Amino acid sequence: MSFNFSVTKKRTFLALMLLFITLTTHGADMKRLSDYQWQNRLILVQASDENAGEIEMLRSARAGVDDRDVVWFVSTGSEVVSNQQSLSISLESDIKTLLEGGRSDERVLLIGKDGGIKSREARLDLDAIFRRIDAMPMRMREMRVD
């Protein structure tokens, strides 16, 4: 009898651990930039330094970001900060590669839901980015449906 109880406790513990792992990795299934295609628009920013203000600007615009299905990533050089819970190493690599592959004056990229780069800018201007997004045919359809 004690053997069965011990096995049952171990199975319960393992089941709880698997549940915990599943819950903590929820949202971490986006492992590459391409995983966001058709689900989100992306804003990628190469910050000039960690205190440049881009992160706070994006965080303070949460309502506009959420309304437009935007996921943003800011590369500070030492890390990538995002409005996503966790980032995989391969996702961080994709972001850094894309930002480093452009011209030095192209520090901000807007990527549409179709995966295409919609704009390349020298600085983060959220009002201009939101206007550009709102003029996109897919976004216009989304606004009519909402």
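Computed from a predicted model, the values in this text were never measured in an experiment. Residue numbers here run from 1 along each chain, matching the order of that chain's written sequence. Given that the model is predicted, a residue must reach a pLDDT of at least 70 before its local features are reported, and side-chain atom pairs must reach 80 or more before they are shown or counted; all residues, however, enter totals for whole chains, interfaces and linings. Neither water nor hydrogens contribute to the side-chain values; these are computed over all heavy atoms in the structure.

**Describing the environment of Ser 88**
Logical step 1: Numbered from the N terminus, helices here are DSSP runs of H or I no shorter than four residues, and strands are runs of E no shorter than two. Here Ser 88 is to be found in the loop between strand E3 (80-82) and helix H4 (89-101).
Logical step 2: Type-normalised accessible area, obtained with a 1.4 Å probe on protein chains alone, sets the label of each residue: buried when under 20%, exposed when over 50%, and partly exposed for intermediate values. Taking relative accessible area as the criterion, Ser 88 reaches 18% and is therefore assigned buried.
Logical step 3: Here the alpha-carbon distance between Ser 88 and Lys 31, two residues 57 residues apart in the chain, equals 5.5 Å.
Logical step 4: Throughout, a contact is declared for two residues whenever any of their heavy atoms are within 4.5 Å. Leave out the neighbours within four places in its chain, and Ser 88 touches Met 30 and Lys 31.
Logical step 5: Pairs of N or O atoms within 3.5 Å make up the polar contacts considered here, provided that, within protein, one atom can donate a hydrogen while the other can accept it, and that residues adjacent in sequence are counted only when both atoms are side-chain atoms. Within the structure, the side chain of Ser 88 is placed 3.1 Å from the backbone oxygen of Lys 31, a separation counted as a polar contact.

**Structural notes on the nonpolar core**
Logical step 1: Counting residues in each nonpolar core, the largest one holds 19 residues, and the members touching the most others are Ile 43, Leu 58, Trp 72 and Leu 124.
Logical step 2: Looking at this core, the elements that each hand over two or more residues are strand E1 (41-46), helix H2 (54-60), strand E2 (70-75), strand E4 (108-111) and helix H5 (126-134).
Logical step 3: With 4 residues, H5 is the largest single contributor of residues to this core.
Logical step 4: Look past the residues within four positions of Leu 58 in its chain and what remains in contact with it is Ile 43, Val 45, Val 65, Trp 72, Val 74, Leu 124 and Leu 126. Working definition of a nonpolar core: buried Ala, Val, Leu, Ile, Met, Phe, Trp, Tyr and Cys residues. They are joined through side-chain atoms within 4.5 Å.

**Regarding the confidence of the model for the protein chain**
The predicted coordinates should not be examined in detail at positions where pLDDT is low.
Logical step 1: Scored from 0 to 100, pLDDT reflects the predictor's confidence in each residue. On average, residues of the protein chain carry a pLDDT of 84, and 79% of them reach 70 or more.
Logical step 2: Confidence over residues 14-27 falls short of pLDDT 50; this stretch has 1 contact with residues more than four positions distant or in other chains.

**Considerations on the packing of aromatic side chains**
Logical step 1: Two rings from Phe, Tyr or Trp (for Trp, the six-membered ring) form a pair when their centres are within 6.5 Å of each other. A pair whose planes differ by under 30 degrees is stacked, one over 60 is edge-to-face, and the rest are tilted. Inspection of the entire model under this criterion finds 1 aromatic pair.
Logical step 2: Centre to centre, the rings of Tyr 36 and Phe 73 are 5.8 Å apart; their planes meet at 75°, and the pair counts as edge-to-face. Remark: Phe 73 occurs in strand E2 and Tyr 36 occurs in the loop between helix H1 (2-25) and E1; sequence separation between them is 37 residues.
Logical step 3: In our convention, an over-ring charge means Lys NZ or Arg CZ found within 6 Å of a ring centre and within 35 degrees of that ring's normal. Above the ring of Phe 130, the side-chain terminus of Arg 68 is found at 4.1 Å from the ring centroid.

**Thoughts on the pattern of salt bridges**
Here the idea is simple: oppositely charged side chains can pair when their charged atoms come close.
Logical step 1: By salt bridge we mean one thing: a side-chain nitrogen of Lys or Arg within 4 Å of a carboxyl oxygen of Asp or Glu. Evaluated as defined, the whole model comprises 15 salt bridges.
Logical step 2: Across the pair Arg 32 and Asp 94 runs a salt bridge, and its minimum N-O distance is 2.5 Å. Separated by 62 residues along the polypeptide, Arg 32 in the loop between H1 and E1 and Asp 94 in helix H4 bring together distant segments of the chain.
Logical step 3: Classification of Arg 32 as partly exposed rests on a relative accessible area of 39%.
Logical step 4: Taking the shortest distance from any N to any O, the salt bridge between Glu 142 and Arg 139 comes out at 3.8 Å. One end of the pair, Glu 142, and the other, Arg 139, are both in helix H6 (residues 137-145), 3 residues apart, so they sit about a helical turn from each other.
Logical step 5: Glu 142 gets classed as buried once you look at its relative accessible area, which sits at 15%.

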